[in-house]
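Below are the chains, spelled out letter by letter.
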Amino acid sequence: MYTAHPDRYADMPYRRTGRSGLKLPALSLGLWHNFGPDRPVETQRAILRRAFDLGVTHFDLANNYGPPPGSAESALGEALTADFAPYRDELVISTKAGYLMWSGPYGEWGSRKYLLSSLDQSLARMGLDYVDIFYSHRPDPETPLEETMGALHSAVQQGKALYVGISNYSPEQTREAARILGELGTPLLIHQPRYSMLDRRPEEEGLLDALDELRIGSIAYSPLEQGLLTGRYLNGIPEDSRAASDSPFLNSEALTEDLVTRLRTLADIAKGRGQTLAQMALAWVLRGGRVTSALVGASSPQQLEDSVAAVGNLHFDAEELARIDEVAKA
């Protein structure tokens, strides 16, 4: 039986999520990839155990994570039973609904029927009575926002979620979602945007400004830009990499000579800080405290350990930030 490390809270910083009472670890574990039947169960369990031992108390999922869809939630459910049952109250578990999950007119987007049905299915897969955070994974252009936010509110009222969040919403949609939820009496806790040194849209489009104004937390996904900021591609495309597989999220055409040159320069800046490129990229997202937490994936406990080491140096001086901007925004 797994016993958690007694000093698991010693080194991980925890940040208050917006104006709520909930604190999240600076780094959270995302189960988007690496938690399907194509990966050894023991490796999955080892990653989860190591994460918790390092103070990573937040496990982030969605109904369609796997592959195949649903398998990541099922894998976590098995791990919760085997290893984490005594620690449920120390864990923050989130899931989402919005992307295609099952066939027919009720299997995606933002209708009340889909969101609440999906949440019931997610809870069954994970063997839970509730999740800590339930997200609308993307805005629905055809469903009134009042209906989508009303479904999130109902999830809280029914005791199936403690908090609610949104992901991939524009600043304007975020403001309106916060207004609707506020009137219903269920505050909007958190927004999950894509954000990295190479993807500045939350800054450029005003999302971070809106979250600051509304006092809503944020958790950045793809802070390593689908692996581009891990250092794997500094000397070509490894055969076992995501880019080599021409994944829809990263393909070989993205690895231009100019981009590789920029990545190498960023790696040199990281080396000067005593960090790997991945560690610096995570630290950059977390700089200054505007982002509550950064989501990382892991294919092994060692990879997770490397990411968590980023919290050892979250400070950047003005010169470092200027150099990063010059290279990353070129």
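Placed above this text is the structure.
Here the residue numbers are simple positions, counted from 1 along each chain's written sequence. Local features are withheld for residues below a pLDDT of 70 in this predicted model, meaning they are given only at 70 or higher, and side-chain atom pairs are given and counted only at 80 or more; totals for whole chains, interfaces and linings count all residues. Remark: hydrogens and water are excluded; side-chain values derive from all non-hydrogen atoms of the structure.

Undergrad: Give a description of the overall build of the protein that names residues and reports values.
TA: Helical segments are the DSSP runs of H or I of at least four residues, strand segments are the runs of E of at least two, and each set is numbered from the N terminus. Looking only at helices and strands, the protein has eleven helices and ten strands in total. Only C-alpha atoms enter the radius of gyration, while the globule expectation follows 2.2 Å times N to the 0.38, with N the number of residues. Against the globule reference of 20 Å for 330 residues, the protein gives a C-alpha radius of gyration of 19 Å, in line with a compact fold. By its C-alpha atoms, the protein is 50 × 45 × 40 Å across when sized along the principal axes. Counting over 330 residues, the protein shows a buried share of 55%. In the protein, the share of contacts with a sequence separation of at least 24, taken over all contacts with a separation of at least 6, comes to 75%. Split by element, the accessible area of the protein, about 14200 Å² in all, is 48% carbon and sulfur. In this count, Lys and Arg are taken as positive residues and Asp and Glu as negative ones, while His and the chain termini are left out. Charge placement uses NZ in Lys and CZ in Arg. For Asp and Glu, CG and CD serve respectively. Each charge class in the protein can be summarised by its mean position, and for the 32 positive and 44 negative side chains these summaries are 3 Å apart. Buried, partly exposed and exposed residues are distinguished by accessible area as a fraction of the type maximum, computed with a 1.4 Å probe on protein chains only: under 20%, between the cut-offs, and over 50%, respectively. Contacts are residue-level and defined by heavy atoms, with any inter-residue pair within 4.5 Å sufficient. Here the accessible surface of atoms and residues is derived via Shrake-Rupley with a 1.4 Å probe, and residues count as covered only by protein chains that are part of the display.

Undergrad: Describe the sheet that holds strand β9 (residues 217-220), listing the residues and the values that go with them.
TA: Across a sheet, paired strands are connected by hydrogen bonds in the backbone, their directions being either parallel or antiparallel. Whether two strands pair comes down to DSSP finding at least two bridges between them. Judged by pairing direction, the barrel is parallel, and its eight strands sit side by side in the order β3-β4-β5-β6-β7-β8-β9-β10 before closing back on the first. Neighbour-to-neighbour, the strand axes of the sheet open up by a mean angle of 30°, direction not taken into account. The angle between two axes is taken between their N-to-C directions and runs from 0 to 180 degrees, where each axis is a line fitted to C-alpha atoms and a helix contributes only its stretch in contact.

Undergrad: Could you give an account of unusual backbone geometry, naming the residues involved and the relevant values?
TA: The peptide bond linking Gly-66 to Pro-67 adopts the cis configuration, its omega dihedral lying at -5°. Inspection of the secondary structure assignment puts Pro-67 in the loop between β4 (58-60) and α2 (71-84). Here the amide bond leading from Pro-67 into Pro-68 is cis, since omega sits at -5°, within 30 degrees of zero. Mapped onto the elements, Pro-68 comes out in the loop between β4 and α2. Positive phi values are uncommon outside glycine, yet Asn-34 reaches one of about 75°. You can see Asn-34 is positioned in the loop between β3 (27-30) and α1 (41-53). One non-glycine residue, Gln-226, adopts positive backbone phi at about 55°. When you line up the elements, Gln-226 lands in the loop between β9 and α8 (257-272). The class for Gln-226 is buried, based on a relative accessible area of 7%.

Undergrad: Could you give an account of the environment of Ala-310, naming the residues involved and the relevant values?
TA: Position of Ala-310 among the secondary structure elements: in the loop between α10 (301-308) and α11 (318-328). On the accessibility criterion, Ala-310 (0% relative accessible area) is buried. C-alpha separation for the pair Ala-310 and Arg-232, spaced 78 residues apart in sequence, amounts to 17 Å. When neighbours within four sequence positions are excluded, Ala-310 is seen to be in contact with Gln-275, Gln-279, Leu-282 and Ala-283.

Undergrad: Run through the side chain of Ser-122, naming residues and quoting values.
TA: With respect to the element layout, Ser-122 can be found in helix α3 (residues 112-126). Filtering out sequence-adjacent residues up to four positions away, Ser-122 remains in contact with Asn-63, Glu-73 and Thr-95.

Undergrad: Give a description of the pattern of salt bridges that names residues and reports values.
TA: Close approach of charged atoms allows side chains of opposite charge to pair. Take a side-chain nitrogen of Lys or Arg and a carboxyl oxygen of Asp or Glu: if they are within 4 Å of each other, that pair is a salt bridge. Evaluated as defined, the whole model comprises 23 salt bridges. A salt bridge links Arg-39 to Asp-38; the shortest N-O distance between them is 3.8 Å. Of the residues examined, Asp-38 reaches a relative accessible area of 53% and is grouped as exposed. Residue Glu-203 pairs with Arg-287 through a salt bridge whose shortest N-O separation is 2.9 Å. Taken together, the residues span a long stretch of sequence, with Glu-203 in helix α6 (residues 201-204) and Arg-287 in the loop between α9 (277-286) and β10 (293-296) at a distance of 84 residues.

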